[in-house]
Structures are given as structure tokens and as C-alpha cells.
Amino acid sequence: KARVPKGPPQDERRIEAPPARPRAQWLSREARMAPPGQNAHAAKRQGETNALNDLEKQGFITFHQVGCQNCHNGPYVGGGMFQKAGLVRPWPTVKDQGRYEVTKKDQDRMVFKVPSLRNIEKTWPYFHDGTEAALDDAVRKMGEHQVERPLTDSEIKNIAAWLKSLTGEVPA
């Protein structure tokens, strides 16, 4: 019988392997434990008055005016709740049925975890189905399907600028 060599000693701080079920709960817990990292928006919140430029500031205001913060809130600007994709207007692709795939409950059709917007500029393609590669297009799609009205080009530009201010250090 061949002997399998032992690997390096295990680091006591390592993240445990995810259980077979429920993986989503494990991922949620790990996301809560990860430090959010530094970015321009965080610097502004910590008192650096010039951390955001005028376009980013207007984007923050617009983000709140149109209601994005209803789902994307908290220290991670999202990641703390589930929401239906296509809340206002049906989502264009329905191949992935979201939580329904696990629960088989009709009320969970097209319900997905609201993602954190931290480092959103670096985490494309966007959405559960990976249908958008550009941040501006993703913001436009959210306006069409998730908030009360389509967004103007100016609103999209503002919101995208603020979202880019959420880009910072990626936690190791």
C-alpha cells in the first residue's frame, strides 16, 4: 500500500471547508467575516472631505434618490438580504430560478441574494446570469427591472461613478 505524504501543517486560522449544505449560508457567514477594505467611499465616511469627487457625490445622492439603498445597504452596500430579480418588470432570462431551485417554493422563484457592491467595478460579469459585462449597462438594467422607473443616462453615469468609488483593497 502506498503511503500518502502528509501536507504542510494546517494553519489554525484557515477557513473551514464549506459543508455540502447549505453552501449559501456558509458563503454568507464568510462574507460577513471578511473586512470590507478601504475605498474612497469608506474614506469619506471616515471624515476625509475630499475623498469623493463631485460626480461620485452626485452618484451617491442619485443612488439613494432612486431607491437602490433599499436593497444595497449596510457596510457591504448589499449582501444582507434576498430579493426578486424583476421586481418591477420581469427579468429577461429565467433559466436560473434562484432560491426556487433549492426550496421548490413558488414565492422563491427568481429570488436571489442581493450582492455586495464593494469592488463591483472588479467583479463583472454582473448578475446571477452573467448577462452584463459593463457597469453602466448593469445599472441601466437595474433601473429597468428593480426600481420604479428607468434611469436617465445622467443618473446611470452618476451612479456608476459612485459605485466605482466602492473599489478598494481586496481583502486577502
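Residues numbered from 1 in each chain as written. Predicted model: local features only at pLDDT ≥ 70, side-chain atom pairs only at ≥ 80, totals over all residues. Heavy atoms only, no water.

Trainee: Quick rundown of the overall build of the protein chain? Include the residues and the values.
Mentor: Scanning the protein chain from terminus to terminus reveals six helices and two strands. Overall, the protein chain shows an N-to-C arrangement of helices and strands of α-α-α-β-α-β-α-α. Burial analysis of the protein chain (172 residues in total) assigns 34% to the buried set. Put simply, of all contacts in the protein chain between residues at least 6 apart along the chain, 65% involve residues at least 24 apart. Of the roughly 11500 Å² of accessible surface on the protein chain, a fraction of 54% belongs to carbon and sulfur atoms. (Helix = DSSP H or I, 4+ residues; strand = E, 2+ residues; numbered from the N terminus. Buried < 20%, exposed > 50% of the residue type's maximum accessible area, 1.4 Å probe, protein only. Contact = heavy atoms within 4.5 Å. Areas by Shrake-Rupley, 256 points an atom, 1.4 Å probe, with all protein chains shown as cover.)

Trainee: So what's going on with the packing of helix H3 (residues 54–65) against helix H6 (residues 153–164)? Residues and values would help.
Mentor: Where H3 contacts H6, the two axes come as close as 7 Å, and the packing angle between them is 110°. One element, H3, and the other, H6, form an angle in the roughly perpendicular class. Residue-level contacts link Leu55, Glu56, Gln58, Gly59, Phe60, Thr62 and Phe63 of H3 to Glu155, Lys157, Asn158, Ile159, Ala161, Trp162 and Leu163 of H6. For the contact of H3 with H6, a count of residues per class yields seven nonpolar, four polar and three charged. (Axes fitted to C-alpha atoms, helices over the stretch in contact; angles between N-to-C directions. Parallel < 35°, antiparallel > 145°, perpendicular 65-115°, else oblique. Nonpolar A, V, L, I, M, F, W, Y, C, P; charged D, E, K, R; others polar.)

Trainee: So what about the side chain of Glu155? Which residues, and what values?
Mentor: Summarising the element assignment, Glu155 is placed in helix H6. A polar atom in the side chain of Glu155 sits 2.6 Å from the side chain of Arg149. Other than its neighbours up to four places away in sequence, Glu155 contacts Thr62, Val66, Arg149 and Pro150. (Polar contact = N/O pair within 3.5 Å; in protein donor to acceptor, adjacent residues only side chain to side chain.)

Trainee: Any details on the environment of Asn73? Residues and values, ideally.
Mentor: With respect to the secondary-structure elements, Asn73 resides in the loop between H3 and strand E1 (82–84). C-alpha of Asn73 to C-alpha of Leu117: the two residues are 44 residues apart in sequence and 9.1 Å apart in space. Looking at Asn73, its side chain comes within polar contact range of the main-chain oxygen of Gln69, at 3.1 Å.

Trainee: Give me H6: which residues, what numbers.
Mentor: The end-to-end C-alpha distance of H6, which contains 12 residues, comes to 16 Å, matching closely the 16 Å that a straight helix rising 1.5 Å per residue would cover. Every buried residue of H6 is listed here: Glu155, Ile156, Asn158, Ile159, Ala160, Ala161, Trp162 and Leu163. (Expected span 1.5 Å × (residues − 1).)

Trainee: Quick rundown of the packing of aromatic side chains? Include the residues and the values.
Mentor: One pass over the structure, following the stated rule, counts three aromatic pairs. Relative to Trp162, the ring of Phe63 has its centre 4.6 Å away and its plane inclined at 50°; by these criteria the two rings are tilted. Separated by 99 residues along the polypeptide, Phe63 in helix H3 and Trp162 in helix H6 bring together distant segments of the chain. Here Phe63 and Trp162 have matching classes, each one buried. Linked through ring pairs, Phe60, Phe63 and Trp162 together constitute an aromatic cluster. Its end group placed over the ring of Phe82, Arg99 keeps NZ or CZ at 4.4 Å from the ring centre. A cation over a ring is seen here: Arg109 above Tyr100, with NZ or CZ 3.7 Å from the ring centre. (Phe/Tyr/Trp six-rings, centres within 6.5 Å; stacked < 30°, edge-to-face > 60°. Lys NZ or Arg CZ within 6 Å of the ring centre and 35° of its normal.)

Trainee: Describe the packing of helix H5 (residues 135–145) against H6, naming the residues involved and giving the relevant values.
Mentor: A packed helix pair is summarised by two numbers, namely the angle formed by the two axes and the spacing between the axes. Look at H5 against H6: their axes get within 9 Å of each other, and the N-to-C directions meet at 120°. Accordingly, the angle class assigned to the pair H5 and H6 is oblique. As for the relative orientation of H5 and H6, their crossing is right-handed in sense. Residues Leu135, Asp136, Val139 and Arg140 of H5 lie in contact with H6, whose contacting residues are Asp153, Ile156, Ile159, Ala160, Leu163 and Lys164. (Left-handed = near helix turned anticlockwise from the far one by under 90°.)

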